[in-house]
Amino acid sequence: MTKNQSSMMERPLLISSILEHGAAQHATQEVVSRETHGTTVRHTYAQIARRVRKLANALRTLGLKEGDAVASIAWNNHRHLEAYYAVSGSGMVMHTCNPRLHPTQLAYILNHAEDQMVLFDSTFAPLVAAIAPQCPHVKHWVCLSDDEHLPSGQGSPTVVSYESLIATQADTFEWPEFDERTGAALCYTSGTTGNPKGVLYSHRAIVLNATTSGLPDVLGLSTREAILPVVPMFHINAWCIPYSAMLAGTKLVLPGPRLDGASLHELMESERVTISAGVPTIWMGLLQHVEQAGLRFTTMRRTCVGGSAMPRALIEKFNDVYGVEVRHGWGMTETTAIATLSNLSASDWELPAEQRHAIVARQGKVTSGIEIKVVDESGATLPRDGTSQGELMVRGHWIVERYYKAEETALVNGWFPTGDIATIDADGTMTIRDRTKDVIKSGGEWISSIDLENAVVAHPGVAMAAVIGIKHPKWDERPLLLVVRKPGQDFGKNEVLEFLSDRVAKWWMPEDVVFLETLPVGGTGKVQKNELRKQYGGLFTEALP
Ligand code: AMP
């Protein structure tokens, strides 16, 4: 043996090993799940594992083989979790689909992925009926329910229930061993421009992420915690929480379809949830409910937020009013899960609240396994000085290299260009300033739509706000502010502008303010600015001769 040959054995990093570890070491830990039709069901890890193995046998009985793709159109629930493990563990590809994609795009991705089977929640039965005729590859449509809750409907494809599929199967299964670089899960980008692009996550990427994302300064998982991922399992693997929780032996609470403030708060309290994870729009709804009903969080200590920028006002409220620590993460479909996280260090905790909140409002430092840099338009690396802003580039163990079925790499000199504009401080803290397509170019200078939105939602009467840049005859683009007022509030444009006047630079002031009942929010909880741009894009030019 030479010196550079280690003495270690090599075992592939496979998702099936997470399941079997969880089942063997944390057999009695619970998975609590809200069914689509309302009831709450609980299983131990050991019971979940037995159901997973039954599903793996069912897939094999139906003739599915390694490399085949199985799609899900589903909420966060235990059957979806079982599919995660059974499909990937069998060497097949778990393709999670965003139900809010336009039906044409949904059919496109089912065809592009060549899915053989679709597992869907009864909620999405009408959607399935609409797209089935366009998806000839799909041989099996399975409703994630028992026979009693099977949807009925004209024009639906032949559907079997998940429970009937697994009922007679054995609960033992010999998991195959294969290369850890094999594709395990597939997720498509939201496709706001052009067709969605697929990211095929490997077993290796997922297992490595699950191993590190449970660390104390990331999600902070252990057998003593109970985590409620509101982040959807149909998008970026719910930040790999379904894997990291089972790896760490953490109680997993899956909320099903009801994500309103009252339902979430009730579940958090009844299941003694200690950690939650979700996008800011969900937390706005939760806080509004808790405030209106005069409630508290008795067990929840921490919430991890990402997907879009977490407004400073919400960070303050969670921390100062409700005693819930906020960790603010950044990631994208192409990064498998969270890639950076703002987490306060021991010395940060000594700072006054205001300074602590300012740290958390940024997107934070990379998790281990990830590197970031910002570059200018020529690709040159910019200094880490907190002010030089450029495109954020990322690389690491769970970052995409090329899109599914693409011939060409997505990388530029070994780094993935994120399309986000960011700055990095000397200590490595990253701040997202905007998306390249959302940043507002006014008179040759850049206005951050995120910073403006954050300033607006600090107004106590504002429920939600979005800022878009729209064509302007003199300045190229100017910001338009769209506001949703909280119920019972009735203030106007002047009050909003007055409120902003000592919070943002004069030339950042919105050119106009439009009040709306709601903002268009996509399936992943982000405001769909492209929809707003379509509707309001001509506002400053239309009136011109
Ligand atoms: P998606 O792939 O659909 O999840 O979108 C990823 C994009 O969401 C990123 O490229 C960012 O533009 C945005 N995003 C995610 N997390 C944050 C965050 N904490 N703050 C600001 N933007 C975010």
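Attention here is on the structure that accompanies the text. Since the structure is predicted, the reported quantities are computational estimates derived from the model, not experimental observations.

**A closer look at the site of the ligand**
Okay, so step 1: What surrounds the ligand is a group of 17 residues, the closest being His 235, Gly 329, Thr 333, Asp 420 and Arg 435.
Okay, so step 2: His 235 places a polar side-chain atom, nitrogen or oxygen, 2.8 Å from an oxygen atom of the ligand.
Okay, so step 3: In the model, an oxygen atom of the ligand is placed 2.6 Å from a nitrogen or oxygen of the Asp 420 side chain.
Okay, so step 4: Protein chains bury 92% of the 500 Å² of accessible surface belonging to the ligand in isolation.
Okay, so step 5: When residues of the shell around the ligand are traced back to their parent elements, those giving at least two are β14 (325–331) and β20 (430–435).
Okay, so step 6: Looking at the shell around the ligand element by element, the count peaks at four residues for β14.
Okay, so step 7: Tallied by class, residues from the shell around the ligand come to five nonpolar, nine polar and three charged.
Okay, so step 8: When residues of the shell around the ligand are assigned to domains, at least three fall in each of domain 1 (15–258) and domain 2 (370–435).

**Describing helix α11 (residues 312–321)**
Turn by turn, an α-helix covers 3.6 residues, leaving residues three or four places apart pointing in a common direction.
Okay, so step 1: Considered for burial, the residues of α11 that qualify are Ala 313, Leu 314, Ile 315, Phe 318 and Asn 319.
Okay, so step 2: Where α11 is buried, its residues meet α10 (280–293), β13 (302–305), β14, α12 (353–361) and α13 (449–457).
Okay, so step 3: Just downstream of α11 lies Gly 323, where phi reads positive at about 65°.

**Thoughts on the sheet that holds β14**
Okay, so step 1: Strand order in the open sheet formed by nine strands is β2-β1-β11-β10-β12-β13-β14-β15-β16, and the pairing between neighbours is mixed. In the strand order of this sheet, the two ends are held by β2 (40–44) and β16 (365–366), each with one partner.
Okay, so step 2: Bridging between β13 and β14 involves four bridges; their strand directions are parallel. Opposite Cys 304, over in β14, you have Arg 327 as the bridge partner.

**Focus on the nonpolar core**
Okay, so step 1: In terms of nonpolar packing, the biggest core is built from 85 residues, with Tyr 85, Trp 239, Ile 241 and Tyr 243 touching the most fellow members.
Okay, so step 2: For this core, the element with the most residues is helix α2 (residues 45–61), which contributes eight residues.
Okay, so step 3: Of the domains in this structure, domain 1 (15–258) and domain 2 (370–435) are the two that each give at least three residues to this core.
Okay, so step 4: What Tyr 243 contacts, discounting residues up to four positions off in sequence, is Ile 15, Ile 18, Tyr 84, Tyr 85, Ile 206, Ala 210 and Asn 237.
Okay, so step 5: If you look at the next biggest cluster of nonpolar residues, it comprises 41 residues, including Val 326, Ile 470, Leu 532 and Phe 540.

Cut-offs applied
- Residues numbered from 1 in each chain as written.
- Predicted model: local features only at pLDDT ≥ 70, side-chain atom pairs only at ≥ 80, totals over all residues.
- Heavy atoms only, no water.
- Near = heavy atom within 4 Å.
- Polar contact = N/O pair within 3.5 Å; in protein donor to acceptor, adjacent residues only side chain to side chain.
- Areas by Shrake-Rupley, 256 points an atom, 1.4 Å probe, with all protein chains shown as cover.
- Helix = DSSP H or I, 4+ residues; strand = E, 2+ residues; numbered from the N terminus.
- Nonpolar A, V, L, I, M, F, W, Y, C, P; charged D, E, K, R; others polar.
- Domains from an automatic or database assignment.
- Buried < 20%, exposed > 50% of the residue type's maximum accessible area, 1.4 Å probe, protein only.
- Contact = heavy atoms within 4.5 Å.
- Pairing = 2+ DSSP bridges.
- Core = buried A, V, L, I, M, F, W, Y, C linked by side-chain atoms within 4.5 Å.

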